[in-house]
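# Observations on the model geometry
Each chain is listed here by its residues.
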Amino acid sequence: MTSLKTPICKRLGIEVPIFGFSHSVAVTAALTNAGGFGVFGAAREAPEEVAESLAQVRELVGDKPFGVDIMLPKGMPSKSLDELQADLPEDHVAFVDGLKRKYKVPPAENQGFFNSQVRSPEFFQGQLDAVLEADVNMLAFGVGFTADAVKRANAKNMITAALIGQPKHVQAAMDAGVEVIVAQGGEAGGHTGEISTLTLVPQSVEMSGGRPVLAAGGIGHGSQIAASLAMGAEGVWLGTKWLTTIEHQLEQGKIDKLLESGSADTVVTRASSGKPQRQIKSHWSQEWSAPNAPAPLKMPYQHALVGDLIISVEENDITPLLTEPAGQSVAWCREVSSVADVVNELVAETQVALKRLSDLTG
Ligand SMILES: Cc1cc2nc3c(=O)[nH]c(=O)nc-3n(C[C@H](O)[C@H](O)[C@H](O)COP(=O)(O)O)c2cc1C
């Protein structure tokens, strides 16, 4: 592989400035082993599972560096799933029951994050404690961060990163002591804001006081990596691109949808988690934006409302309702290939784009 080193590569001991978020242990490890930096998304794991997953990544990567990503959103109530469900408005429950009847969705048989866990301050604290006990090199905050968590991570020799979606959040992250800013534009898959990557990245670089900025959101081709570097980012942070890798082993129904989707086939909806999330368009997003649909509830109530339905849709492969968080970058999910092949292709494309730029000035 040709080298593409930026200062953050030297700081972290990686070969290429490609960071990747994934809920898959195998993808996280494969990216780190391919010379990039894998970041394991632990937000959907119970605290006791977090330690196990991180130990598995460490086993697969040896001494090479990798990270973990958790969410610390503010304002979540200290309530159990049963308590949240007891508070759900009748209209919303009736609407979801109607969807179950319309699409013939049986009750879920298995337990997963969406029907057995609930986002609460206690849940987040448990995840944070588990992460801080683990052998991991970076702690990234997906939604929300605290100066205390940053301090505790630093005390364990972890570097910290925060995903931000607005320029004003750069200062907040710096005030909390966060070292790496991940400027995530609205094109991104998952929870996302409204400002585009092209607009957010240079502003973040300007405001970051020399701290490294990684560009995220909508990136699926090396020319965008070159553009990100041209804007002053020290690297890129991709999520969607790994969903169709061999290592990820996503359900076939989801892979099919991702492979056939283009940039116009994603939508931002609060229907899955209660916070705006970009995902593949489906009957799920359509039903929730229909004129008769109630407005989705706030996090974590929406999750308590739809969790069982989400699990059962996946279990029973109810294709029309099947969706997955994905960014406009899904246009570059064109085939199933290995993480290493994706990295090599991205690096080669970046080199071509950088040469094109240097020819202009040469
Ligand atoms: C399936 C999926 C789940 C995601 N979940 C999280 C998450 O739990 N925490 C987080 O910080 N970011 C999450 N993200 C966002 C990624 O970290 C990343 O910023 C984003 O995917 C970049 O844009 P892209 O999807 O166009 O590559 C998720 C993205 C995807 C595609």
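Look above for the structure.
Presented here is an overview of the structure given in this document. Just so you know, the residues in each chain are numbered from 1, in the order the chain's sequence is written. Reporting of local features is limited, given that this is a predicted model, to residues whose pLDDT is at least 70; pairs of side-chain atoms are given and counted only at 80 or more, and all residues count toward the totals for whole chains, interfaces and linings. Working from all heavy atoms in the structure, the side-chain values ignore hydrogens and water.

## Some details on the overall build of the protein chain
Heads up, the rule is: Helix and strand assignments follow DSSP, with helices taken as H or I runs no shorter than four residues and strands as E runs no shorter than two, numbered in order from the N terminus. The globule rule is 2.2 Å times the number of residues to the power 0.38, and the radius of gyration it is compared with is taken over C-alpha atoms. Buried residues are those whose accessible area, probed at 1.4 Å on protein chains only, stays under 20% of the maximum for their type, while exposed residues exceed 50% and partly exposed ones sit between those limits. For this analysis, residues touch if any pair of their heavy atoms sits within 4.5 Å.
Tallying secondary structure elements over the protein chain gives 15 helices and eleven strands in all. In terms of C-alpha radius of gyration, the protein chain reaches 20 Å, essentially the compact-globule figure of 21 Å for 362 residues. Counting every position in the protein chain, which comprises 362 residues, the buried fraction comes to 55%. For the protein chain, restricting intrachain contacts to residue pairs at least 6 apart in sequence, the fraction spanning at least 24 positions comes to 69%.

## Observations concerning the sheet that holds strand β5 (residues 159-164)
Within a sheet, each strand pairs with its neighbour through backbone hydrogen bonds, oriented either parallel or antiparallel. Short version of the rule: Two strands form a pair only when DSSP identifies at least two bridges running between them. The axes used here are C-alpha line fits, helices contributing only the stretch in contact, and every angle between their N-to-C directions lies in the interval 0 to 180 degrees.
Strand order in this closed barrel of eight strands is β1-β2-β3-β4-β5-β6-β8-β9, and the pairing throughout is parallel. Here the average twist between neighbouring strands, direction ignored, is 25°.

## Some points on the sheet that holds strand β7 (residues 190-191)
Across the sheet, which stays open at both edges, the three strands sit in the order β7-β11-β10 with antiparallel pairing between neighbours. Edge positions in the open sheet fall to β7 and β10 (266-269), since each of these has one partner strand only. As paired strands, β7 and strand β11 (residues 277-280) are joined by two bridges and run antiparallel to one another. Bridging across to β11, G190 finds its partner in R278.

## Brief notes about the site of the ligand
Here is the rule we go by: Being near a molecule or strand, for a residue, comes down to having at least one heavy atom within 4 Å of it. Two N or O atoms form a polar contact when they lie within 3.5 Å of each other; inside protein one atom must be a possible hydrogen donor and the other a possible acceptor, and for residues adjacent in sequence the pair counts only when both atoms belong to side chains. We call Asp, Glu, Lys and Arg charged. Ala, Val, Leu, Ile, Met, Phe, Trp, Tyr, Cys and Pro are nonpolar, and the rest, Gly among them, are polar.
In the region of the ligand, 19 residues are neighbours, and D69, Q184, G218, T240 and S329 sit closest. Side-chain polar atom of T240 to an oxygen atom of the ligand: 2.5 Å apart, as the coordinates give it. In terms of residue class, the shell around the ligand is made up of seven nonpolar, ten polar and two charged.

## Describing the pairing of strand β1 (residues 18-22)
In plain terms, the rule: If you view a crossover with the strands going away from you and the path from the first strand over the helix to the second runs clockwise, you call it right-handed.
Judged by how many residues are buried, β1 sits mostly within the fold: four of five residues are covered. Sheet analysis places β1 next to strand β9 (residues 235-238), joined by three bridges and oriented parallel. Considered in β9, the bridge of I18 is made with V236. Strand direction decides the pairing type here: β1 and strand β2 (residues 37-41), joined by four bridges, are parallel. Bridge pairing links F19 to F37 in β2. For the segment spanning β1, helix α2 (residues 25-33) and β2, crossover handedness is right-handed.

## Thoughts on a nonpolar patch on the surface
Quick reminder of the rule: The patches described consist of residues with a relative accessible area above 30% and no salt bridge, like charges being joined within 9 Å and nonpolar side chains (Val, Leu, Ile, Met, Phe, Trp, Tyr) within 5 Å. To measure how exposed things are, a 1.4 Å probe is used in the Shrake-Rupley method; for residues, cover is taken only from the protein chains shown. We define a salt bridge as a side-chain nitrogen of Lys or Arg found within 4 Å of a carboxyl oxygen belonging to Asp or Glu.
The grouping of I246, L259 and V336 at the surface amounts to a nonpolar patch, some 230 Å² of accessible area in total. Topologically, V336 is positioned in the loop between α14 (301-315) and α15 (339-361).

## Let's talk about the side chain of E234
Checked against the element boundaries, E234 lands in the loop between α11 (222-230) and β9. Here I8 takes part through its backbone nitrogen, which lies 2.9 Å from a polar atom of the side chain of E234. Those residues in contact with E234, other than ones at most four positions away along the chain, are T6, P7, I8, P17, P212, V213, L214 and L229.

## Thoughts on the environment of V182
Tracing the chain through its elements places V182 in strand β6 (residues 180-184). Discounting chain neighbours no more than four positions away, the residues touching V182 are A161, A162, L163, I164, L214, A216 and W237.

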